[in-house]
Amino acid sequence: MNQTLSAPVKAQRDKASNSGWPAAVFTGMVLGAALYAFSPRPAAPFPATQVYPDRVLINGLAENGKRLLAAGEQGHILVADDPKGPWRDAAVSPQRGATFTQVHYIGDNVALAVGHDDWIVRSEDNGQTWKEVSYNEDADQAAPLFGVAGPYDGKVYAFGAFGTLMVSADLGKTWQSQKSDAIGDKHLYGMLDGGSALLLVGEQGLMLKSTDGGANWQALKQIYKGSFFGALELPDKGWLAYGMRGHVFVSHDAGDTWKESATPAPLSIFGGALRADGRIFLAGAQRTVLESDDGGAHFKLYAQGERQTLAAVLPLADGQVLVAGEPGLSIQHSEAAPAAGGAK
Amino acid sequence: MKANSSFISRMVDGISNVLIGRRHVLSVVFAAMTLFFGYSATHVKLDPGFLKLLPVKHEYMRTMMEYMKDFSGANTLLVNLRWKGQGDIYNKEFMDDLRKATDDVFFIPGINRTHVTSLFTPNTWYLEITEDGFRGEPVVPAKFSATDEELERVRHNVTLSGQIGLLVANDLKGALIRADLQDVDPNAPPDQMRVDYWEVQKKLEEIRGRFESPQKYVYKIKQAQGPFKAGDVVGEGYVDYGWMLRYETFQAIPRTDTGEAGEAVPVKGSEVTVETVKNPEYDPNIEVNVIGFARLLGDVIKGLLGVFTFFGLAFIITLGLLYWYTRSPRLTLTALVVALLPVLWLIGILPLIGFGVDPMSILVPFLIFSIGVSHAVQMTNAWRQEVVAGASAVEASRSAFRKLFVPGAVALLTNALGFAVIMFIQIPIVHELGITACLGVLLMIITNKMILPIILTHIRLEQSCRQHTDDARGGGEGAKIWSIIAKCAEPRCAVWVFVVCGVLLLGTTWLSRGLVIGDSGHGAPELRPDSRYNRDSEQIASTYLIGVDVLTIIVEAKDFEGDSCLHYPVTNLIDRFESNMRGVAGVQSVMSVGGIGRLVISAFNEGSPRWEALPRSESGLSVGSRAFDPNLGFNNESCRAIQVMIFTKNHDGPTVAHVVEEAKKFIAANPVDGVKMRLASGNVGVMAATNEAVGDAEVKMLLSIFGALILLCLLTFRSVTAVICVIVPLTMVSIFCNALMASLSIGLKVATLPVIALGVGVGVDYGIYLFERIQHHMRCDDMNFHDAFHAAMRQRGTAAVFTAITMAVAVGTWTLSALKFQADMGLLLSFMFLVNMLGAICLLPALGAWFYYGQGKPSKA
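Worth saying up front: this structure is predicted, and the values here are computed from it rather than measured. (Residues numbered from 1 in each chain as written. Chains lettered and ligands numbered in written order. Predicted model: local features only at pLDDT ≥ 70, side-chain atom pairs only at ≥ 80, totals over all residues.)

Chemist: I'm lost on the overall build of chain A in this one. Help?
Modeler: Looking only at helices and strands, one finds 2 helices and 28 strands in chain A. Whereas a compact globule of 344 residues would reach a radius of gyration of roughly 20 Å, chain A reaches 31 Å, over 25% beyond that. When its C-alpha atoms are laid out on the principal axes, chain A stretches across 120 × 50 × 35 Å. Taken across its 344 residues, chain A has 47% of its residues classed as buried. Sequence separation of 24 or more characterises 46% of the internal contacts of chain A that already satisfy a separation of 6 or more. (Helix = DSSP H or I, 4+ residues; strand = E, 2+ residues; numbered from the N terminus. Rg over C-alpha atoms; globule rule 2.2 N^0.38 Å. Buried ≥ 20, exposed ≤ 12 C-beta atoms within 10 Å, placed from the backbone. Contact = placed C-beta atoms within 7 Å.)

Chemist: Would you take a moment to explain the overall build of chain B for this structure?
Modeler: Tallying secondary structure elements over chain B gives 24 helices and 14 strands in all. Judged by the C-alpha coordinates and their principal axes, chain B covers about 110 × 75 × 45 Å. In chain B, once contacts between residues fewer than 6 apart in sequence are set aside, the share between residues at least 24 apart is 76%.

Chemist: Got a minute to help me understand the interface of chain B and chain A in this structure?
Modeler: Accessible area lost upon the coming together of the parts serves often as the stated size of an interface. Taken together, the 58 residues of chain B in the interface contact 61 residues of chain A. Elements that contribute at least two residues to the side of chain B that touches chain A include exactly α1 (2-21), α14 (491-512), α16 (568-582), α19 (653-669), α20 (682-717), α21 (720-743), α22 (753-780) and α24 (820-851) of chain B. Ranked by residues supplied to the side of chain B that touches chain A, first place goes to α21 of chain B with 7 residues. A breakdown of the residues in the side of chain B that touches chain A according to their chemical character gives 25 nonpolar, 21 polar and 12 charged. (Nonpolar A, V, L, I, M, F, W, Y, C, P; charged D, E, K, R; others polar.)

Chemist: Help me understand the pairing of strand β11 (residues 155-160) of chain A in this model?
Modeler: A regular strand places its side chains so that they alternate between the two faces of the sheet. All names here are of chain A. Extensive coverage of β11 is indicated by the burial of 5 of its 6 residues. Where strand β10 (residues 145-152) lies against β11, 5 bridges are found, and the strand directions are antiparallel. Across the sheet, Y152 pairs through a bridge with K155, a residue of β11. Bridge count for β11 against strand β12 (residues 165-168) is 4 bridges, and the pairing is antiparallel. Within β12, the residue paired with V156 across the bridge is S168. Between the end of β11 and the start of β12, which pair antiparallel, lie 4 residues, with F162 showing a positive phi angle near 55°. (Pairing = 2+ DSSP bridges.)

Chemist: How should the sheet that holds strand β16 (residues 207-210) of chain A be read in this particular structure?
Modeler: Within a sheet, neighbouring strands are paired by backbone hydrogen bonds and run either parallel or antiparallel to one another. All names here are of chain A. Taken together, 4 strands build an open sheet; the order of strands is β14-β15-β16-β17 and the sheet is antiparallel. Single-partner strands in this sheet number two, and they are β14 (188-193) and β17 (218-219). Here 2 bridges tie β16 to β17, and the two strands are oriented antiparallel to one another. Paired with K209 across the two strands is Q218, which belongs to β17.

Chemist: Got a minute to help me understand the environment of N64 of chain A in this structure?
Modeler: Residues and elements named next belong to chain A. Checked against the element boundaries, N64 lands in strand β1 (residues 58-64). Under the C-beta neighbour-count criterion, N64 is labelled partly exposed, with 15 such atoms within 10 Å. A sequence separation of 42 residues divides N64 from I106, and the C-alpha atoms of the two residues are 10.0 Å apart. Among residues more than four places away in sequence, those in contact with N64 are Y105, D108, N109 and N126.

Chemist: It is not clear to me how the sheet that holds strand β19 (residues 239-243) of chain A should be interpreted in this structure. Could you clarify?
Modeler: Residue and element names in this part refer to chain A. The 4 strands lie next to each other as β18-β19-β20-β21, forming an open sheet whose pairing is antiparallel. With one partner strand each, in any of the chains shown, β18 (228-233) and β21 (259-260) form the two edges of the open sheet. Two strands pair when backbone bridges link them, and strand β20 (residues 248-251) and β21 are joined in this way by 2 bridges, in the antiparallel orientation. Bridge pairing in β21 links F249 to E260.

Chemist: In this structure, what is going on with unusual backbone geometry? I would like to understand it.
Modeler: That bond from S93 of chain A to P94 of chain A is cis: its omega, -10°, falls within 30 degrees of zero. Structurally, P94 of chain A is set in the loop between β5 (91-93) and β6 (100-107). Not every positive phi belongs to a glycine, and D782 of chain B is a case in point at roughly 50°. Tracing the backbone through its elements, the reader meets D782 of chain B in the loop between α22 and α23 (785-812).

Chemist: Explain the nonpolar core here, please?
Modeler: Within soluble globular proteins, side chains that are nonpolar tend to cluster in buried spots. Residues and elements named next belong to chain B. I425 and I646 are the most contacted members of the largest nonpolar core, which has 361 residues in total. Per-element accounting of this core gives the leading share, 21 residues, to α24. Setting aside anything within four residues of it in sequence, one finds I425 in contact with V430, A693, V694, A697, V750 and L753. (Core = buried A, V, L, I, M, F, W, Y, C linked by C-beta atoms within 7 Å.)

Chemist: Would you mind going over the pairing of strand β10 (residues 286-291) of chain B with me for this structure?
Modeler: Residues and elements named next belong to chain B. Most of β10 sits out of view: 5 of its 6 residues are buried. The pairing of strand β1 (residues 76-83) with β10 spans 6 bridges and is classified as antiparallel. Along β10, the bridge assignment pairs V79 with V290.

Chemist: What is the right way to read α14 of chain B from this model?
Modeler: Two residues of an α-helix separated by three or four positions point the same way, owing to the 3.6 residues in each turn. Its 22 residues place the ends of α14 of chain B 30 Å apart at the C-alpha level, agreeing with the 32 Å of an ideal helix rising 1.5 Å per residue. Buried within α14 of chain B are the following residues: A494, V497, F498, C501, L505, T508, T509 and S512 of chain B. Along the axis of α14 of chain B, the buried positions cluster into a sector of 110°, meaning they face one direction only. Opposite the packed face of α14 of chain B, turned more than 90 degrees from it, sit the exposed residues R492, V499, V503, L506 and G507 of chain B. For α14 of chain B, the elements touching its buried residues are α2 (21-38) of chain A together with α21 and α24 of chain B. (Expected span 1.5 Å × (residues − 1). Arc of directions from axis to C-beta.)

Chemist: Can you walk me through the domain arrangement of chain B in this structure?
Modeler: Residues and elements named next belong to chain B. Domains assigned within chain B are domain 1 (1-42 + 304-468), domain 2 (485-514 + 719-861) and domain 3 (549-688). Centre-to-centre separation of domain 1 and domain 2, based on C-alpha positions: 22 Å. At the interface, 31 residues of domain 1 touch 30 residues of domain 2. Considered class by class, the residues forming the side of domain 1 that touches domain 2 number 21 nonpolar, 10 polar and no charged. (Domains from an automatic or database assignment.)

Chemist: Which parts of the structure should I look at to understand helix α7 (residues 293-326) of chain B?
Modeler: With 34 residues, α7 of chain B should reach 50 Å at 1.5 Å per residue; the first-to-last C-alpha distance of 47 Å fits that figure. Just beyond α7 of chain B, the residue with positive phi is R327 of chain B, at close to 55°.

Chemist: Help me understand the packing of α21 of chain B against α24 of chain B, please; the structure alone is not making it clear to me.
Modeler: Each packed pair of helices is defined by two parameters, the angle between the axes and the distance between the axes. Residue and element names in this part refer to chain B. Viewed as axis vectors pointing N to C, α21 and α24 meet at an angle of 145°, and their least axial separation amounts to 8 Å. The way α21 lies across α24 gives a crossing that is right-handed. When the residues that make up the contact of α21 with α24 are grouped by side-chain class, the tally is 21 nonpolar, 4 polar and no charged. (Axes fitted to C-alpha atoms, helices over the stretch in contact; angles between N-to-C directions. Left-handed = near helix turned anticlockwise from the far one by under 90°.)

Chemist: What am I meant to see in the environment of D283 of chain B here?
Modeler: Residues and elements named next belong to chain B. In this fold, D283 is placed in the loop between β9 (272-278) and β10. Taking the number of C-beta atoms within 10 Å as the measure of exposure, D283 has 20 and is therefore buried. C-alpha separation for the pair D283 and F211, spaced 72 residues apart in sequence, amounts to 5.3 Å. Residues in contact with D283, not counting those within four places in the same chain, are E93, D97 and F211.

Chemist: Teacher, can you tell me more about the packing of helix α9 (residues 363-388) of chain B against α23 of chain B here?
Modeler: Residues and elements named next belong to chain B. One can describe the packing of α9 onto α23 by two numbers: an axis separation of 9 Å at closest approach and a directional angle of 155°. The angle between α9 and α23 falls in the class roughly antiparallel. As for how α9 packs across α23, the hand of that crossing is right-handed. Packed against α9, whose contacting residues are S370, V373, S374, V377, Q378, N381 and Q385, the element α23 presents Q795, A799, F802, T803, T806, M807, A810 and V811 at the interface. (Parallel < 35°, antiparallel > 145°, perpendicular 65-115°, else oblique.)

Chemist: Any chance you could explain the confidence of the model for chain A here in plain terms?
Modeler: Residues shown with low pLDDT carry predicted positions that ought not to be read at fine detail. All names here are of chain A. Per-residue pLDDT for chain A has a mean of 85; in total, 92% of the residues score no lower than 70. Contacts from residues 1-17, a stretch scored under 50 in pLDDT, to residues over four places away or in other chains number 22 contacts. Within the model, the stretch residues 337-344 combines pLDDT values under 50 with 13 contacts to residues more than four positions away or in other chains. (pLDDT = per-residue confidence, 0-100.)

Okay, structure coming up:
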């Protein structure tokens, strides 16, 4: 039953292949289709890897008109012209990868960002590009900077861990380190210009005042043993200092006497800001945002979340606030707060 | 060539003479073999295992195996207690249940006890920062009696511990117990070291039943036995075994008079009575969700019980169809028995070669049965035609054997090849499946081609059947259909066939490009989306941050002085990797020593987020050293190896591939001296490796199956044209199959990749059986192609169509399975069988009509 191909059969086959063109064409089609169908399939399209503003630690916020800056984790500075985004990653050179702790405008379109390893970068184009002006190569000596303030009377200050205080007289282009016994080696977390005097606050209740433009500092009487994480100058020229576990103090006599404010919960506060109408906003642990409409005497809960800590808050024109911290950037609106503004 | 060919026919004649001549001796031999294998088959065991499912040779899996001891790998169990009552979990009722459940999990055999984590285990800590520094303690105090103050304390501690989203649900309505299962239990005696997954899953069911089942079952011994008196309680449980009870064994612990526990005595389930009592621990406010491989396996095995239902169903349908086709109870019975023989032999051989039945390979026997039926039909059909034509049973047998041995053996060889090439997938379970199936098909050469003719010599065909066959051969309905189908072999109609197929081809080719490798959808891909396991998985995934899909990267830093984590280049690399991966689409969250180290450093600095960064100095980093404690499970001793856990949003094939690709990109772009980042562990790591193994195998597998088929057809038909006529329809149907998968969102996976190979291996049978006849008629009777095809269809067409339908229906019953992979396989195989048959009876003649245009005598009609 298995007959072989004899010569005539072969000849027939040749003839067949001439006349069998529709079948040959179809065979070719199937072959082509198979090659295409089983060739490597393209990878599914995914958005490119990027810095998601809600997945990166942000420590500092700054605003210049519509322009918003957010500085944080691993040398990222995000730039946007609308709080809803889109946020772009600014160019920082060289990119040291150290974490930024604060960003601050010192003039129109001129901004400074400070961070770990005594790193300071400066932008003159409204935050698009940043150039390094200070960095400490020595790993054992380098300390984190926690804030930048000024210009106060032409001088810009950067301050940080272990009593680090740096001063620039040329709007941040060059920096000189300043040491003083009064400062010691406590961490400095916040600064304000109270017109007649400068105030530095820091670790373990540290409060320092200078009445000679920052040349000499005197320690104020300790009013609280926990740390202060920042200070704000209020519209009525009062001073406000905030710190651990919900402790907020207000002074109306340039720091001589302080009165503790009422806050709803013992949660540490790491950032604060004023709104144009005089309202004070503070932000801190457990995604807490506090709000005061009586010059800082009483704070009530504006919003609260879970677990993560906020480092900065920026009031927006529409009554909401932009907050930043461990959970990245987000816009918070007031939660119909229960009667939380009462006594502690 | 001539000598060779006649050698084959001489050999076939020789075998047929021996077979029929010595049929009585051979009957005894075959009967003895059947008895032997039947006996051996009673020893077959269910043999599931986790490692078998892994592509063990894949680079990722080698990494995973190497660090199996240090890190949990992919074999994690999650038990979630969900509070359905008022308020949140901080109440006595819930906390008591959680503590009990934690203890139960702790005592499951094979659990790595140092890694059990829940609110009640001492490795769950919190840190509290106050003006005086900070304190760290276990979240639940050692002496905990759930008083109101203590509950408030725990609530407070949990908040500080950062476990919300990890061990405690985001909505505070549930708490997790996390545990790792080892494939090998180091605590057990050597002969019981391999973890019995069935046992583990039963324990997990008990934990669920303890809180969810309103009844409790008490088992009392019926008759005195060993240390027990009749009526003694030998076991308790919360799971209703139903009729399965007789297969259970209770490890009963006798009490001595002094109340001490003695050695456990096994008591069979058939020796006890069940008493149903109220379960005192039943809590309607508690729902228990359990996920993990052991649990999954439990559900898969239960799903498999359904397989027997399908087998029964398929058997009955086949029986009915066979009878309808032959109208002969004798032939029907013969075909079924002969089709069952290779299944029995195969199951008998498994224990002899050290294999067991694995849940994943359980479909093989059913497939073998279906293929067996199809070949038995061809043989009985040929025999019947001979008998009806007037031959004696013995002569008809000999003649059927001679006609069918070559095409039948070739067809079985192609089936075996189909099974063999799936072994290109480098996964042990697939190898096992391939070997078992190959073996089964090869056995069929003996059972179908040798035993069947012997049995047929003893059969006397019923009159009803003769009548039926005569009808079919005469001008009955069948013949008309074949005349219509034979029109495909007319050149003019053939062009229309090409046009229709061409249009289909264009559409399906375009569709087939959408096929993805890997899974799609949430939950365990083995099960259906609405199964309890997948609902549990969804519950956990939606209420916790961690998710259930994790890709683990192992960072090796072996040569650093002291603790590797205290070296900035190491920890910073991990930190940057974490940040980078957090920005990858498809990633939910990332956890490792980098982020945790930063958190600890921040905690040591009054919780300020501005301190949350890794200092470059060793002294600075050592502040965060609590994060590098091996007990946290992110690194081993001295950080020689560190794991980075990337939780993905899902485990869809494309997502997995994208995340792996991005991780590789980062690793390539960020080399650090002395540090090696290795992929991958975790369930997503396993999936990535499996998907890559499947992807690698796809083209290899297709090329080899088609290559082998082309070669076999060439050897059989000695004609390139014949090969084209047989292979082109198969190729087209393979594209159709891919398109079907793409449009039904069935991914290319371990379960579905073999389908094309199997479908092609089985589907080629129709072409081979038909073309063998066509060639015969064209060469011996000098018929033209159309007439030859028509003749072939009259002789074998009915059998081909019939077998295709029978097999498609039998395999189609799998679509009712509770297991999604079985349902997918059933659907696709059904499709392949049916459409390949259509290809063979429509496209094959169309191709032949043009390739053999003008050959042979013109049609008489």
